[in-house]
Amino acid sequence: MSSYRPLHDGWVLSAESGDVAATVPGCVHTDLLAAGLIDDPYLDDNENRLGWIGRTAWTYTTAFSWTGDEHERTDLVCAGLDTVAEITLNGVRVAATANQHRSYRFPVRHLLREGGNTLTVTFASALEYAEERRAVLGFRPGAYEAPYAFVRKMACNFGWDWGPALVTAGIWRPIGLESWSGARLAEVRPLATVAGDGSGRVDVHVRVERATEEPLTLAAEVAGVAAEVRLAAGQRDAVVPLAVPGPRLWWPRGYGEQHRYELTVRLGDSSWTGKIGFRTVSLEREAFRLSVNGTPVFVRGVNWIPDDCFPTRVTRDRLAERFGQAAGAGVNLLRVWGGGLYESDDFYDLADELGLLVWQDFPFACAAYPEEEPFRSEVAAEAREQVTRLAPHPSLVLWCGNNENLEGYADWGWQDKLEHRSWGGGFYHELLPSIVAELDPTRPYIPGSPFSADPAAPPLDPSSGTVHIWDVWNREDYRHYATYTPRFVAEFGFQGPPAYATLRRAVSGDLAADAPLVLHHQKAIDGNGKLLRGLGDHLPAPSTFDDWHYLTQLNQARAIAFGVERFRSLAPYCMGTIVWQLNDCWPVTSWAAVDGDGRRKPLWYALRRLYADRLLTVQDSAVAVVNDSPAAWRGSLLVMRLGLDGEPLAKDVLDVSAAPRSVARIPLPPTVATPDDPARELLSVRLGDTRTLSFFTEDPAVAFPPASYDASVDQAPGGYRVTVTAHTLLRDLSLFPDRLDPAATVDTMLITLLPGETTTFHITTDATLPPSALTAPPVLRCVNEARDRSPLL
C-alpha cells in the first residue's frame, strides 16, 4: 500500500533581488517571465540582457501541512532537478544533487512534522559549477567555449549554433511525497522478445525496496498470461517470465500496425502498469542496416532537438503536433540528439503509438567530457535509470553513446589539447555499453555517431557505420552530396529562415537579411553569409528582403532534396538518411523543417515528397525508381524531353518493375537524356501518378519566360481555395498565407507547372483574407516571376 502527494502548490522563488510566485514543475526563466520581471528571451535581442539569470543562485520554497499516517516510510521523490541543488526540509539538509538527467528519492519521514512543514530547494549557478569543475579537472576541448561538458545538464542550454544561451534552473519535473509500508516496486524493467517461431516472451525484471524482510509474492500479467514468483525473506531482485503465444507484433510506420499490450505488475497492494510491444530489432554494424522483426528498414529520419529551451512548456499536445508533422512528412525515425535530454514519457509513448522509431543518444555532444568523479558515478546512475525507464518502449531501437565526440577526438585536434586527460572514451566504449548489455540486451548499442564499425578506420569512413556530412553548408555547394556513397547518413542539413510570421513575431524592428535583430536570430557563424553564398548558381540573387526570404527557404529545400534523392537512390547500399533537423526550440534561422513557432517551412513540403514510399529521381543519366513500399511498382515509365513551352522534343516509354523495398535504375535513352539547348529544355519522368521534372541547367541559366498565369480565389470550408492555371512554365510555385494571417496554413508548396496545367492550394484560416493578396507576391511566389534583378547587398 502506498500513497503519493504532489508538492506543486504554493512555491515561492527567491533571490537577492526579491520573491515571485513560482510554478512547479517549471524553471526560473518562465517564473520571471510570468511575473513580468523579464522580457521574453525569444524576442528581439532580449537574450543578451538575461545572462545574469544563469549566474544567480535561486531558492524555491513551499510550505505544506502533514499529518502522520499508518505507513512506515515517506520519501521525497524528485523526478527532475535542474541542476545543482541543495534540498532542506524544516531547516535540515536532505541532500545535494548535480544532474538534470536523473531522478532522486530521499527518505524524509523522520524530518516531517505534524502540521506545518517547509521545503526548500536552492539552486546554485550551473554555469559557475561547471566553471569550477573545469578549473579543478582541467580544460577539455569542444565545439563551444561554454563549459557544458562539466555538468550533467542539457548541453544546448549553454547556447548552440541554432539556440540561445539560457542557462536554466528549477524543479523541472514533478516533486512529491510517497508514503509506503512493507515493500514497494522500486524498478520494473520488462524485456520483450520474439522467438523464431513467433512466440513471445516477457522477462519482467523487478527490484524491490523493503521496509520488512518478510517473504513476498510478485505477480505479472500481459495478454491474458499471468505468473507469480515468490521472493524469499530479504530478497530484493526477481524476474517474472511470461510466455505469450503468437503475439501480434509492433511494426514501424509503413511496415505494419503498432500493436501494444498492457503489462501489469503487482507486489501486494503496490502495482505498476505500462504498455509494451513485441518486436525484434537488429543492426548490421558495418552496413548500418537496421532490421525490425527481421525486415530491413530504410530509415527516413529527422534529428530531434529539445522543442523548447524551457522543457516544461513542451506538453503532450505539443509533442503530438510535432510528431504529426514528422509522420506527415513520411518520417519513420526520430534521432534524439545528444546535446539535449532523455525526453519525457509522453515522447516515447507517442512514438510507440505512431510507429516512429527512436534512436536515443546518451546526452554527450561535441566536446571532450571528464570521466573523473563525480561524473563517472553520475553518468552510471543516469544511464541505469534511463535504460530501465525506456525499456518498455518498442519504438526505441538504438542506443548511441554520443554525438560527434568520436569524430572530435580523432579529427578535430583534441588529442594534443587534452594532454592525456580523459575525454569520455571510457564512457562510450566501456561504461555505457556494459550498462546496455546488462539492462537492455534486446537493443543494439553503438559508441557514437559518426562512427565506423572498423575501430581502425576514421569515424567518418563512408564505407562503414554512419557519417555526418557538414562540408556541404559550411564550405561546399550542395551538389557535393553527389560525391558521397555512404552506408548511412545520420546528419546532414542546410539552413533556411523561419516562416515570415515567425520572424515577424520575433523581431520588432525592420526585416532585412542584415538587420541586427534578424542576425540575432541567426546563431551559426557567418550563417547569413553562407545562406547567400549557398544560392550559388542555383537561384537568382535576391534584391529585396522578400526575395531573400523566399529564395533561401527554397534553396534549403532544394539542397536537402538533392541529398536525399542521391542517398535514397543508393539503397540498399545506403540504408538511411537522418536530416538535420525536424524542429527548433525558438524562432531562428536554422536547419529545421518546422520552425520555432511550429510552422512548416518549404523544406517540410519537400520532405513529404522525398520521404514518400515511392520516389522518382534522375541520377547520372538514369532514373532511379525508388520503391520503399510493400508492393511491387510496375508500369510504363514515360520519359520526355520538353521545351519550356511544354511541347515534347523527344520521348520514350520504358517498362519498369521495382520489387518491394528496392530501387530499380533505368538508363535514359540518349535522345531524351541529351538536350539540344540546356537553357530551353527540361526532362519529364512519369510512372503512374508520380512525376518528376528535372532541368538540364541551373535556374539562372534557364531561359524562363516571365511567369504568366490565371489565379482565382474561392471560399471553402475552413478557409480558401486558390487555383492557379499556368500560361507559362511556373517554377516552384508556393503560397505563404502566414503573411496575411499568422495562423493560416497551406496544404502544398513547391509545385512546378507546365503551360496549361492547374494546381489548387487549400488554405486553412479563420480570418478574412483579400483575394488580390493571395494571388500575387509576396504571398504567391515562383522562381520565374518578374522581379528587380539588382543584387541584395
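My aim in this report is to walk through the structure given alongside it, one point at a time. (Residues numbered from 1 in each chain as written. Predicted model: local features only at pLDDT ≥ 70, side-chain atom pairs only at ≥ 80, totals over all residues. Heavy atoms only, no water.)

## Brief notes about helix H3 (residues 316–328)
Each α-helix turn comprises 3.6 residues. Residues three or four places apart therefore point the same way.
Inference 1: Taking 1.5 Å as the rise per residue, H3 with 13 residues should run 18 Å; its terminal C-alpha atoms sit 18 Å apart, in good agreement.
Inference 2: Buried within H3 we find Arg 318, Leu 319, Arg 322, Phe 323, Gln 325, Ala 326 and Ala 327.
Inference 3: Of the surrounding secondary structure, the elements contacted by the buried residues of H3 are strand E25 (299–304), strand E26 (333–336), helix H4 (345–354) and helix H14 (602–610).
Inference 4: Positive backbone phi, approximately 85 degrees, marks Gly 330, located one or two places after H3. (Helix = DSSP H or I, 4+ residues; strand = E, 2+ residues; numbered from the N terminus. Expected span 1.5 Å × (residues − 1). Buried < 20%, exposed > 50% of the residue type's maximum accessible area, 1.4 Å probe, protein only. Contact = heavy atoms within 4.5 Å.)

## Quick word on the sheet that holds strand E7 (residues 84–89)
Inference 1: Reading across the sheet, the six strands line up as E3-E2-E4-E10-E7-E8 and stay open at both edges, with antiparallel pairing between neighbours. Taken across any chain shown, the strands that pair with only one partner, and hence form the sheet edges, are strand E3 (18–21) and strand E8 (92–98). On average, adjacent strands in this sheet sit at an angle of 20 degrees to one another, irrespective of strand direction.
Inference 2: Of the strand pairs in this sheet, strand E4 (residues 58–66) and strand E10 (residues 115–123) are connected by nine bridges, and their pairing is antiparallel. Looking at E10, one finds that Phe 64 is bridged to Asn 117. (Pairing = 2+ DSSP bridges. Axes fitted to C-alpha atoms, helices over the stretch in contact; angles between N-to-C directions.)

## What to know about the packing of aromatic side chains
Inference 1: Counted by the stated rule, this structure contains 43 aromatic pairs.
Inference 2: Aromatic side chains Phe 364 and Tyr 428 sit 5.5 Å apart centroid to centroid with 75 degrees between the ring planes, which places their arrangement in the edge-to-face category. With a gap of 64 residues between them, Phe 364 in the loop between strand E27 (357–361) and helix H5 (375–390) and Tyr 428 in helix H8 (residues 425–439) connect regions that are remote in the sequence.
Inference 3: Its relative accessible area of 0% is what places Tyr 428 among the buried residues.
Inference 4: Seen from their ring centres, Tyr 478 and Phe 562 are 5.7 Å apart, and the 50 degrees between their planes marks the pair as tilted. Residue Tyr 478 is found in the loop between helix H9 (471–474) and strand E31 (489–492), and its partner Phe 562 is found in helix H13 (residues 545–569); the two are separated by 84 residues along the sequence.
Inference 5: Judged by its relative accessible area of 29%, Phe 562 is partly exposed.
Inference 6: By the ring-pair criterion, three or more aromatic residues cluster together here, those being Tyr 144, Tyr 148, Trp 160, Trp 162, Trp 337 and Trp 580.
Inference 7: Seen from the ring of Phe 364, Arg 152 lies directly overhead, with NZ or CZ sitting 4.2 Å from the centre.
Inference 8: Directly above the ring of Tyr 500 sits Arg 739, whose terminal nitrogen or CZ lies 4.0 Å from the centroid. (Phe/Tyr/Trp six-rings, centres within 6.5 Å; stacked < 30°, edge-to-face > 60°. Lys NZ or Arg CZ within 6 Å of the ring centre and 35° of its normal.)

## Considering the pattern of salt bridges
Inference 1: Evaluated as defined, the whole model comprises 54 salt bridges.
Inference 2: For Glu 378, the salt bridge is made with Arg 102, and the minimal N-O distance between the two is 3.3 Å. Remark: Arg 102 occurs in the loop between E8 and strand E9 (104–107) and Glu 378 occurs in helix H5; sequence separation between them is 276 residues. In terms of burial, Glu 378 and Arg 102 fall into one category: buried.
Inference 3: Here Arg 641 and Glu 681 are joined by a salt bridge, their closest N and O atoms 2.9 Å apart. Of the two residues, Arg 641 sits in strand E35 (residues 633–643) while Glu 681 sits in strand E38 (residues 681–687), which places them 40 residues apart along the sequence. (Salt bridge = Lys/Arg side-chain N within 4 Å of Asp/Glu carboxyl O.)

## So, the sheet that holds E38
The strands that make up a sheet are held in pairs by hydrogen bonds between backbone atoms, and each pair lies either parallel or antiparallel.
Inference 1: Strand order across the open sheet formed by four strands is E36-E35-E38-E39, with antiparallel pairing between neighbours. The strands lining the two open edges of the sheet, one partner per strand, are strand E36 (648–658) and strand E39 (690–695). Each adjacent strand pair in this sheet contributes to an overall mean axis angle of 15 degrees, direction not counted.
Inference 2: Pairing between E35 and E38: six bridges, direction antiparallel. Note that in E38 the partner of Leu 638 across the bridge is Arg 686.

## Here we look at the pairing of strand E23 (residues 289–292)
Inference 1: Both faces of E23 are covered, namely the face carrying Arg 289 and Ser 291 and the face carrying Leu 290 and Val 292.
Inference 2: Pairing of E23 with strand E24 (residues 295–297) involves three bridges; the strand directions are antiparallel. Each bridged residue has a counterpart across the sheet, and for Leu 290 the counterpart in E24 is Val 297.
Inference 3: Turn length for the E23-E24 hairpin, with the two strands adjacent in sequence and antiparallel, is two residues, and the turn residue Asn 293 shows positive phi of about 55 degrees.

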